[in-house]
Amino acid sequence: MESSIYVCLLSILLFCHIIPFTHSFNSSFQPRCHDDESSALLQFKESFTIDNTIYDGCYPKVESWKLVKGERGDCCSWDGVQCDEETNHVISLNLANSCLYGSINSNNTLFRLVHLHSLNLACNDFNLSQIPSQIGRLSRLTHLNLSFSSLSGQIPQQIFNLSRLISLDLSRYYHGLKLHNPSFKDLVQHLTNLKVLHLSSMNISSKVPELLANFSSLEFLSLSGCGLQGEFPVDIFQLPNLKMLDLRHNRHLKGYLPPFQLKNALKSLMLSRTSFVGELPFSFGNLTDLEELDISHCNFTGKIPYSLSNLNKLVYLKLSFNHFSFHNPSISSFSWIGNLTKITTLGLADFNLKGEIPSWLVNLTQLSEVNLGNNQLTGPIPPSLAKLSKLESVYFRNNQLSGKIPFQIYNFTSLSELALSSNELHGSIPSNISQVKNLEVLDLQSNNLVGSVELSSFLQLKKLTFLTLSFNSLTLITKTSTNASTPDFLVLGLAFCNLTEFPRFLHNQDMLESLDLSSNNIKGEIPSWMCSISTNSLDYLNLSHNLLTGFEKDPAVLQWATIRILDLRYNRLHGSFPLPPQSTSSYLISHNKLVGKVSALLCNLSALETLDLSFNNLSGRLPHCLGNLGDSLSLLDLRRNNFNGSVPSTWRNGCKLKMISISYNQFQGQVPRSLAKCSSLELIDFGNNHIIDSFPSWFRNLEKLRILILRSNGFFGLIDRPQTKGFSNLRVIDLSHNNFTGKMPSTYFEMWDAMKVINASLMTYMEDSMWPHDWYNPFTNYGQYDYSMLMYNKGLELEYRKIPSILTAIDFSYNKFEGEIPDIIGNLQQLYLLNLSNNLLNGHIPSSLANLTELECLDLSRNMLSGKLPPELSKLTFLSSFNVSYNQLEGPIPRGNQFDTFESNQYEGNKGLCGAPLKKKCENFEASPQERSNVVEDNDTGSVFKLMIVLIGYGSGFIFCVVVGHKITRKKHDWFVKTFGRKQQHRSQRVNRRRSRS
């Protein structure tokens with residue numbers, strides 16, 4: 001609310017600044033307005049009510065508008081009214097922030113005031129009215145301000161009648177007003193005298209007209225958050241009188257910065273969260289009047305020009321979150337900023353900067369906000385920062401800062417926001433934190449803080465709205481009465497705080513937007529009162545990883561009317577499927593004990609994007625209407641239930657589905673052809689069902705498809721040669737345990753480009769981010785929803801709770817493929833797993849398999865392969881699992897590297913094979929002295945490993961395969977224990993997962 005008041009007042013001040021002050025006071029003469037205008041004003045007043053809650057500090061000017069009985073009213077003396085000295089007509093009406101509430105339409109008497117030159121109705125509430133077409137009657141207007149007044153709908157064409165307009169402000173926070181037809185281009189063509197144009201947060205969704213570059217008188221242009229597209233006209237930067245340009249929050253707006261000429265008038269340049277690219281021109285130093293520069297969250301590259309050090313009028317500097325490069329990525333290389341002593345706001349986040357928090361910060365005595373987050377800063381937080389007496393906001397999150405939170409924190413008397421999350425801070429939270437009375441935001445999650453903390457010390461901070469203590473080693477003591485006075489929190493993060501019950505103070509919280517109580521030990525039922533808190537504000541609720549068993553009172557529908565993300569995973573919830581509110585976009589309730597059917601009412605959730613019901617005991621047929629949610633549904637996970645019937649098949653054009661995972665159910669029928677309309681699909685998992693169909697070759701048109709799992713169904717027949725190319729992004733394909741026949745699909749191997757070349761240094765995970773509805777909020781991040789999958793090797797299950805983007809695998813085992821293994825498979829050089837076992841393959845093992853240098857698992861067992869094992873296979877130094885048993889192979893087994901670790905059972909059933917580890921010796925073959933010297937003796941022959949590894953990704957090798965029964969060397973044993981043998985308690989696994997998201 002305070003920020004909206006600030007913007008509202010700023011809008012009013014700017015409007016007033018540019019209006020020529022034409023009314024001069026004369027003690028001997030006061031103009032008297034015309035009766036018809038006086039009457040129009042009074043009727044205008046009566047059409048609204050006064051609501052003092054619209055904006056804090058609003059003042060109802062119209063309450064002074066009265067006619068004195070028996071006398072002619074002089075409206076020219078009323079608050080907000082100004083008349084012309086000569087004609088006595090009302091020429092200016094300023095009712096900004098006047099507490100007006102009600103609708104405004106074309107019949108309103110306001111539009112009788114045809115002599116108006118200036119009209120300011122900013123910061124009122126017109127109840128989502130449209131701008132009346134009668135606005136066109138006020139053709140003398142030069143200044144019009146309707147900002148922040150809850151207007152909506154399309155801008156009427158009649159506004160083009162206001163051709164004298166010099167200043168137009170229709171900005172507001174949300175997309176209430178539209179400029180589609182007529183368009184932005186139409187507006188610019190008709191209003192050619194503009195000096196000030198504010199359209200921020202209007203829904204424009206078009207290009208910026210080139211014609212604007214001809215507006216030589218333009219001084220202020222604000223188009224933030226308008227959905228602008230295309231290339232920004234670069235000549236606008238060169239307008240001779242342009243002082244302020246605000247294009248923030250237009251992610252699809254592209255552009256670059258031109259060279260700047262001397263004496264450029266720019267004072268404010270705001271480009272944050274656009275798609276501007278290129279290098280910053282060295283001529284930035286020519287913008288000597290520049291006071292505000294915000295180019296954060298763009299795509300700028302190259303080096304930051306030293307000429308920025310010439311901009312000694314700068315008060316606002318944000319360069320964060322770009323792609324700049326540095327000779328020396330040290331915070332000390334920015335010491336020149338210490339000379340810009342007028343700076344109040346500084347943002348250098350996500351620069352990968354190293355070093356300690358710089359001493360030159362203390363030179364910036366006017367500093368009120370500093371953001372050095374998302375770097376690699378080390379060392380302690382210097383107590384000297386307490387000298388910056390005006391400091392209000394400190395963002396040091398996502399670094400490697402160590403030490404304790406300085407006790408001198410109580411000296412930060414102006415401090416309102418302190419974000420230190422995701423560092424390595426240790427010790428306890430300073431006991432004097434309650435003395436920082438202005439604190440509104442305290443973000444300490446994901447550190448190494450310890451000790452017991454009394455919740456009451458935070459509840460004394462009456463302005464505190466944001467508190468996150470999650471994922472430390474804290475014990476939160478919550479012995480607070482439900483009647484105690486508490487702050488009105490917006491965000492609370494109390495995950496992993498050793499809670500055993502729902503904190504009582506939550507009873508009084510009616511304004512919460514985000515609440516995280518996950519990873520605690522809260523037991524039993526969710527109390528009824530908990531389901532009644534913040535029912536009209538809660539956006540995010542995370543109760544996952546607790547010991548909850550159900551609801552005290554089973555709700556037919558959960559009552560949080562505005563909730564979007566509800567996470568109840570990893571509990572012990574039993575009973576029927578609880579239906580979330582219609583507002584829900586992510587419903588996560590996996591790993592519980594739910595039973596029964598899924599109600600068709602789920603299809604009413606038109607905003608649903610993520611639905612995770614996996615690992616429950618749900619049964620019955622899915623509602624067929626589920627496919628109708630494709631307009632919004634992005635992620636669907638139904639694994640490990642007892643669903644039956646056919647897979648939903650009503651997917652439509654424009655389907656947004658990115659993941660569908662329905663394995664381990666009892667689905668029947670065929671793969672729905674309508675999935676071809678879901679062009680964003682990245683993961684398809686239909687494994688372990690009863691689907692009977694031929695190979696869905698039409699999936700090749702899904703250009704983003706990375707993972708395809710059809711394991712353990714009734715798929716059958718030949719995999720036909722494709723007519724067109726496809727599957728170019730496929731990384732994992734599992735067709736095992738089906739009835740495919742014919743030769744191996746060599747043409748497909750040729751098409752799988754993503755298995756050929758992968759940049760492992762750019763490894764990410766397959767995930768989908770979850771963000772708050774208010775994405776302007778710099779603190780709240782709901783983490784990521786991780787894609788996951790199950791795969792098999794040697795009969796054991798591997799669960800991937802996070803799927804690395806570089807993971808590659810082919811599993812064609814347990815089918816009836818025949819013929820030879822194609823040589824071309826050796827081109828898939830980034831392959832990690834290849835399982836062709838239990839087929840009818842014959843011929844030689846191609847030596848090209850030695851090209852698979854990243855291969856960790858190779859299983860060719862139970863085929864009819866013949867010939868010798870290619871000695872080149874010994875070059876596969878990451879190979880940790882190898883099986884060629886039960887074939888018709890002959891000759892010596894390769895020696896050296898990983899082949900010295902494999903056991904005899906991996907070669908059994910091949911009568912012609914000889915050499916170690918088999919007892920059968922090879923005739924006329926003996927290892928040379930050099931070969932013998934390379935064999936590492938295993939002094940720990942009793943070490944046997946039987947492990948299941950949940951892949952996270954380590955070093956240069958994944959250790960993709962399950963190592964079962966291998967005798968391995970002491971060197972390998974020590975490496976294995978060091979890498980994977982850390983104590984993995986269930987609690988620590990959850991903490992690591994959460995920390996990786998924050």
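On a predicted model such as this, the values are computed, not experimentally measured, just so you know. (Residues numbered from 1 in each chain as written. Predicted model: local features only at pLDDT ≥ 70, side-chain atom pairs only at ≥ 80, totals over all residues. Heavy atoms only, no water.)

Undergrad: Got a minute to help me understand the overall build of the protein chain in this structure?
TA: Within the protein chain, the regular secondary structure consists of eight helices and 69 strands. Counting across all 998 residues of the protein chain, residues that qualify as buried make up 57%. Taking the contacts inside the protein chain whose residues are at least 6 apart along the sequence as the reference set, 58% of them involve residues at least 24 apart. Carbon and sulfur atoms make up 48% of the accessible area of the protein chain, which totals about 41,800 Å². (Helix = DSSP H or I, 4+ residues; strand = E, 2+ residues; numbered from the N terminus. Buried < 20%, exposed > 50% of the residue type's maximum accessible area, 1.4 Å probe, protein only. Contact = heavy atoms within 4.5 Å. Areas by Shrake-Rupley, 256 points an atom, 1.4 Å probe, with all protein chains shown as cover.)

Undergrad: Explain the pattern of salt bridges here, please?
TA: Two side chains with opposite charge may pair up if their charged atoms get near one another. Taken as a whole, this structure holds 16 salt bridges when the rule is applied. Between Asp 289 and Lys 313 there is a salt bridge whose closest N-O contact spans 2.9 Å. Placement of Asp 289 in the loop between strand 17 (274-279) and strand 18 (292-294) and of Lys 313 in the loop between strand 19 (299-302) and strand 20 (316-318) is noted, with a sequence separation of 24 residues between them. In this structure Lys 313 comes out as partly exposed when scored by relative accessible area, which is 34%. Here Arg 652 ties to Asp 631 by a salt bridge, and the two come within 2.7 Å at their closest N and O atoms. Separated by 21 residues along the polypeptide, Arg 652 in the loop between strand 46 (642-646) and strand 47 (659-661) and Asp 631 in the loop between strand 44 (617-621) and strand 45 (635-637) bring together distant segments of the chain. (Salt bridge = Lys/Arg side-chain N within 4 Å of Asp/Glu carboxyl O.)

Undergrad: Explain the packing of aromatic side chains here, please?
TA: What describes a pair of aromatic rings is the distance from one ring centre to the other and the angle between the planes of the rings. Under the definition given, this model contains 33 aromatic pairs. Here the aromatic cluster, defined as three or more aromatic residues joined through ring pairs, consists of Phe 695, Phe 715, Phe 727, Phe 740, Tyr 748, Phe 749, Trp 752, Phe 812 and Phe 817. Across the ring face of Tyr 886, the terminal group of Arg 862 is positioned such that the distance to the ring centre comes to 4.2 Å. (Phe/Tyr/Trp six-rings, centres within 6.5 Å; stacked < 30°, edge-to-face > 60°. Lys NZ or Arg CZ within 6 Å of the ring centre and 35° of its normal.)

Undergrad: What exactly am I supposed to notice about the environment of Lys 267 here?
TA: Mapped onto the fold, Lys 267 is located in the loop between strand 15 (250-255) and strand 16 (268-270). Counting along the chain gives 24 residues from Lys 267 to Glu 291, while the straight-line C-alpha distance between them is 5.1 Å. Among all residues touching Lys 267, those that are not within four sequence positions of it are Lys 243, Asp 289, Leu 290, Glu 291 and Glu 292.

Undergrad: Just checking my understanding: could you explain the sheet that holds strand 10 (residues 177-178) for this structure?
TA: The strands making up a sheet are joined through hydrogen bonds of the backbone, oriented either antiparallel or parallel. The strand order across the open sheet formed by three strands is 6-8-10, and the pairing between neighbours is parallel. Looking at the sheet topology across the chains shown, the edges are occupied by strand 6 (129-130) and strand 10. Pairing between strand 8 (residues 151-154) and strand 10: two bridges, direction parallel. The residue bridging Gln 154 from the neighbouring strand is Lys 178, located in strand 10. (Pairing = 2+ DSSP bridges.)

Undergrad: What should I look at first to understand the sheet that holds strand 29 (residues 426-427) in this one?
TA: The strand order across the open sheet built from three strands is 29-31-33, with neighbouring strands paired in parallel fashion. Single-partner strands in this sheet number two, and they are strand 29 and strand 33 (473-477). Relative to strand 33, strand 31 (residues 448-454) is paired through five bridges, and the arrangement is parallel. Note on strand 33: the bridge partner recorded for Glu 454 is Ile 477.

Undergrad: Where do I start with unusual backbone geometry in this structure?
TA: Most peptide bonds take the trans configuration, and most residues that are not glycine carry a negative phi. The residue after Asn 181, namely Pro 182, is reached through a cis peptide bond having omega 10°. Following the sequence through the fold, Pro 182 ends up in the loop between strand 10 and helix 3 (184-190). Look at the link from Ala 916 to Pro 917: it is a cis peptide, with omega at 10°. Positive phi values are uncommon outside glycine, yet His 737 reaches one of about 60°. Relative to the assigned elements, His 737 resides in the loop between strand 53 (732-734) and strand 54 (739-743). Given a relative accessible area of 36%, His 737 falls into the partly exposed group.

Undergrad: Hey, could you run me through the confidence of the model for the protein chain in this one?
TA: Mean pLDDT over the protein chain: 87, with 86% of residues reaching 70 or higher. Segment residues 15-31 is flagged for pLDDT under 50; beyond a separation of four residues in sequence, or across chains, it makes 30 contacts in the model. Scored below 50 in pLDDT, residues 926-998 shows 133 contacts in the model against residues more than four places distant or in partner chains. (pLDDT = per-residue confidence, 0-100.)

Undergrad: Before we go on, may I ask you to explain the side chain of Asn 124 in this structure?
TA: Tracing the chain through its elements places Asn 124 in the loop between strand 5 (118-120) and strand 6. What makes Asn 124 buried here is its relative accessible area of 1%. Among the polar contacts listed, one links the side chain of Asn 124 to the backbone oxygen of Leu 95, at a separation of 3.0 Å. Within polar-contact distance, the side chain of Asn 124 engages the backbone oxygen of Ala 122 at 3.2 Å. Apart from residues no more than four positions distant in its own chain, Asn 124 is found in contact with Ile 54, Tyr 55, Leu 95, Ala 96, Asn 97, Ser 98, Cys 99, Leu 100, Phe 148, Ser 149 and Ser 150. (Polar contact = N/O pair within 3.5 Å; in protein donor to acceptor, adjacent residues only side chain to side chain.)

Undergrad: Would you mind going over the side chain of Ser 320 with me for this structure?
TA: With respect to the helices and strands, the residue Ser 320 is situated in the loop between strand 20 and strand 21 (323-324). Given a relative accessible area of 4%, Ser 320 falls into the buried group. Looking at Ser 320, its side chain comes within polar contact range of the main-chain nitrogen of Leu 348, at 3.3 Å. For Ser 320, the contacting residues outside a window of four places in its chain are Ile 295, Ser 296, His 297, Gly 347, Leu 348, Ala 349 and Phe 351.

Undergrad: Teacher, can you tell me more about the state of the cysteines here?
TA: Summed over all chains, the structure comprises six disulfides. What pairs with Cys 76 in a disulfide is Cys 83, and their sulfur atoms sit 2.0 Å apart. In this structure, the disulfide formed by Cys 76 and Cys 83 twists by about -95° around the S-S bond and is classed as left-handed. Given the relative accessible area of 8%, Cys 76 is considered buried. A sulfur-sulfur separation of 2.2 Å characterises the disulfide bridge that pairs Cys 655 with Cys 678. Judged by the sign of its S-S torsion, about 95°, the bond between Cys 655 and Cys 678 is right-handed. Taken together, the residues Cys 655 in the loop between strand 46 and strand 47 and Cys 678 in the loop between strand 48 (666-669) and strand 49 (683-685) connect sequence positions 23 residues apart. Summarising the burial analysis for this pair, Cys 655 and Cys 678 share the class buried. (Disulfide = S-S within 2.5 Å.)

Undergrad: Just checking my understanding: could you explain helix 2 (residues 35-46) for this structure?
TA: Given 3.6 residues per helical turn, the α-helix brings residues three or four places apart onto the same face. For helix 2, spanning twelve residues, the distance from its first C-alpha to its last is 17 Å, which sits close to the expected 16 Å at 1.5 Å a residue. Within the span of helix 2, buried status applies to Glu 37, Ser 38, Ala 40, Leu 41, Leu 42, Phe 44 and Lys 45. (Expected span 1.5 Å × (residues − 1).)

Undergrad: So what exactly am I meant to see when it comes to the environment of Ile 357 here?
TA: Along the polypeptide, Ile 357 turns up in the loop between strand 23 (354-356) and strand 24 (369-371). Through-space distance from the C-alpha of Ile 357 to that of Leu 372 is 8.5 Å; in sequence the pair is 15 residues apart. When residues no more than four places from it in sequence are discounted, the contact partners of Ile 357 are Leu 377, Thr 378, Pro 380, Ile 381, Pro 382, Phe 396 and Leu 401.

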